[in-house]
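Listed below, chain by chain, are the residues.
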Amino acid sequence: MIFEITETELGLHLNDRAGFLRTSGRYELAVLSPLTALAKHLPGTWLSDPMARLHARIGTKLLVAFLSVTLLMLILGALGLGALFDANERTKRIIVLQKRSDSYQQFQVIMFDLDSLYAHVFTGHREGTVNIGGASAPVEKSEDMMDALGGVRRIMRRNADLIAAESNRIDGLVLAVTDLNKTARLFRRTFEDGNRDAALEMLRRDISPKIGAVNAELHTITSALGTEMRELASISDGEYEASRRWLTLFSFVAVGSALLLGYTISSSIIRPVQKIRTSLREVADGNFETDLKVENRDELGELAQSVRTMAAKLGQAYGELEAANQHKSQLLANMSHELRTPMNSILGYTELIQDGIYGEPPEKIADALGRIDANGKNLLALINDVLDISKIEAGQMELQIDTYKMDDVVSSVLGTIEPLAAEKSLTVKSDIQERMPTGTGDAARLRQVVLNIVGNAVKFTQQGSVSISAKAENGQFTVLVTETGAGISEADQMSIFHEFQQADNTSTRASGGTGLGLSISKRMIEMHGGRIWVDSNLGTGSTFGFEVPILADAEVHADTRVREETE
Amino acid sequence: MNKRVLVIEDQEDNRRLIRDLMGSVGIDVLEAHDGQAGVETAFREKPDLILMDIQMPRMDGYEATRQIKANPDSTAIPIIAVTSYALSGDEAKVRAAGCDDYITKPYSPRVLLAMVCKHLNKGE
């Protein structure tokens, strides 16, 4: 799950509750990826809200969650180990039982052999084939019995947890076997002494029942053992069942708890992040009234608070900026009106008088009127320059982009300055490319630039010529104005495009002008996306030139102040 | 019958200027000192042309133009706006309000006269 908070231009809206944050970053919550996918689609704020409201740091919450899950796993492991341990214990018990069973089985085999040996003696006697050896064999066999008993005793001693009942039974067995042995030895002596009949009578009367008694004891023991083994087996089964059920249950509980915990924590983190992201997007779109409310009282809660505060501050700042801008444009409009209105009267009435509306003015007055008119026009030009510069400085200058013909622009300027040039006996040469393409730009401003440059050329050239050329190539209009004036020094070349700088203050102050013209021209050209320059050598004259794209982009009205400052 | 031009302008200097200018070619001049009076005079007198100053207090030239153009009785009267051309949006605003032409201050009276005559003669 990747969250992006991207950079965008901030819009405008006045509000006291918004915030400002400008960040760019990618945050990956890789640890809980599947859970974050879950968090996006399930509701369950009743789960995540209490978690969010916990007044603890996110790191702490995550740590606690992680430790809890670990703990659940440990418990699960412990339970598993416990079950294994129990199983092991049961196996050990079964092994012990098995050993005992083996012993008793051995015993039973001996008893069986004994029985058959005695039977052999009995039938041998009837047939007259039995001998001492044959009679001794069973006795030796019953001695073996004692050894086997000893083995059982040993097992008993090693497993002290054997129940008392079994111990008693073994004692019973021992008694019976001891008794049988005594009788067996007596039988042998009787047989060896030659009282075969008496011996056999003893066999029939005493030994057989005593064998039966031993067998009976053995049977009791082994069936008790059998019962015990069955009991153990069923207990074992029972314990396994219970164990399995508990383990399964706990596994479900553990997994369920872990998932729930994971979901709760992650959604208590993701929800606010999503809300904040949405809020920031709204702020970026200019809506400062974004309603950001998160339940969290941890770092995310603080973050949300910061976002709210910053949005509010931004909204406020922007509102002030907007108000200031309004104020500025209003001021400029007022200034323009206030300055131009009196000029209207001065120049207007002068013209009316000159045109004889109030009667033909006397010859003597004509000259004075002419001066009033000329100075008025001068003043107007200065006012216009100042207003232009004010507009540019205030960032309120905008170009009126439309189609125009560069040849018309240049020709009209030529028409304007030709009389002035003639007065100074300057030759005006023009070289305008034929059939130049139609351009897009602000024709009025471009005319202003051409007039400024050509006007300067005429103003600052005392003799010789002024040539203007205009051509279109490589997608640019290039206009060059050459004059045979005094030339401009290297140092002055750097500064003349800056406000209030004229090349040589003393000689040119007489020529009038604020020195704003070139500065304004430079801005106008640059706003079209073009450039302006001068080539000059002292003594031989100067060439001013500019080039603008034939199709100046409508977007090119950006504030050129920054560019100015970096140059 | 003399042509009649209504001048809606709050500055006396400018009104006098236009009065003298128009008078020199035999055009009668009606005057109004503000937008409101101008609108009323336009409805009442139905002049042949209106010279509308834009920057006026209370009701400005745009609003007065809109009202005059909105009235079917006066909508045909040509209106020439006189503006100080402060900001680049002015020309568009002038046209949007319904003006037929405009001239920027300070203007040459000769030029203004030529424009007035052009619009007056258009009707014939």
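First, a word on what this report is: a plain description of the structure on this page.

### Section: the overall build of chain A
Tallying secondary structure elements over chain A gives 14 helices and 9 strands in all. For chain A, with 567 residues in total, the buried portion stands at 39%. Residue pairs at least 24 apart in sequence account for 77% of intrachain contacts in chain A once pairs closer than 6 positions are excluded. Total accessible area on chain A is roughly 31,300 Å²; 57% of this is exposed by carbon and sulfur atoms.

### Here we look at the interface of chain A and chain B
Counting residues at the interface gives 22 residues for chain A and 20 residues for chain B. Taking both partners together, chain A and chain B bury about 2,100 Å²; carbon and sulfur atoms supply 54% of that area. It is His337, Asn344 and Glu351 of chain A in chain A that bury the most area against chain B; as a group they hold 28% of the surface buried on that side. In this assembly, chain A and chain B are joined by 2 salt bridges. Salt-bridge contacts for Glu351 of chain A lead to Arg110 of chain B; the nearest nitrogen and oxygen are separated by 3.6 Å. Counting the contacts that link chain A with chain B gives 10 residue pairs in polar contact (both at pLDDT 80 or more). For the side of chain A that touches chain B, the secondary-structure elements that each account for two or more residues are helix H7 (299–354) and helix H8 (363–393) of chain A. It is H7 of chain A that contributes the most residues to the side of chain A that touches chain B, 15 residues altogether.

### Some words on the sheet that holds strand S5 (residues 101–104) of chain B
Paired through their backbone hydrogen bonds, the strands of a sheet run either parallel or antiparallel. Residues and elements named next belong to chain B. Pairing within the open sheet is parallel, and its 5 strands lie in the order S2-S1-S3-S4-S5. Two strands in the sheet have a free side with no partner beyond their single neighbour: strand S2 (28–32) and S5. The mean angle between the axes of side-by-side strands here comes to 20°, regardless of whether they run parallel or antiparallel. Where strand S1 (residues 4–8) lies against S2, 5 bridges are found, and the strand directions are parallel. Across the sheet, residue Arg4 finds its bridge partner in S2, namely Asp28. Where helix H2 (residues 35–45) meets the sheet, it contacts S1, S2 and strand S3 (49–53), and its direction lies at approximately 160° from that of S1.

### Focus on the pattern of salt bridges
All names here are of chain A. Evaluated as defined, the whole model comprises 29 salt bridges over all chains. Its salt-bridge partner being Lys61, residue Asp298 comes within 2.7 Å of it at the nearest N-O pair. A residue pair is termed long-range when its members are at least 10 positions apart, and Asp298 in the loop between helix H6 (196–284) and H7 and Lys61 in helix H3 (residues 58–127) qualify at 237 residues. The pair Asp298 / Lys61 is uniform in exposure class, with both members buried. Linking Asp206 and Arg205 is a salt bridge whose minimum nitrogen-to-oxygen distance equals 3.4 Å. The partly exposed category is assigned to Asp206, whose relative accessible area is 23%.

How each quantity is defined
Residues numbered from 1 in each chain as written. Chains lettered and ligands numbered in written order. Predicted model: local features only at pLDDT ≥ 70, side-chain atom pairs only at ≥ 80, totals over all residues. Heavy atoms only, no water. Helix = DSSP H or I, 4+ residues; strand = E, 2+ residues; numbered from the N terminus. Buried < 20%, exposed > 50% of the residue type's maximum accessible area, 1.4 Å probe, protein only. Contact = heavy atoms within 4.5 Å. Areas by Shrake-Rupley, 256 points an atom, 1.4 Å probe, with all protein chains shown as cover. Buried area = accessible area lost by both parts, 1.4 Å probe. Salt bridge = Lys/Arg side-chain N within 4 Å of Asp/Glu carboxyl O. Polar contact = N/O pair within 3.5 Å; in protein donor to acceptor, adjacent residues only side chain to side chain. Pairing = 2+ DSSP bridges. Axes fitted to C-alpha atoms, helices over the stretch in contact; angles between N-to-C directions.

Such coordinate-based values are descriptive only and should not be taken to indicate function.
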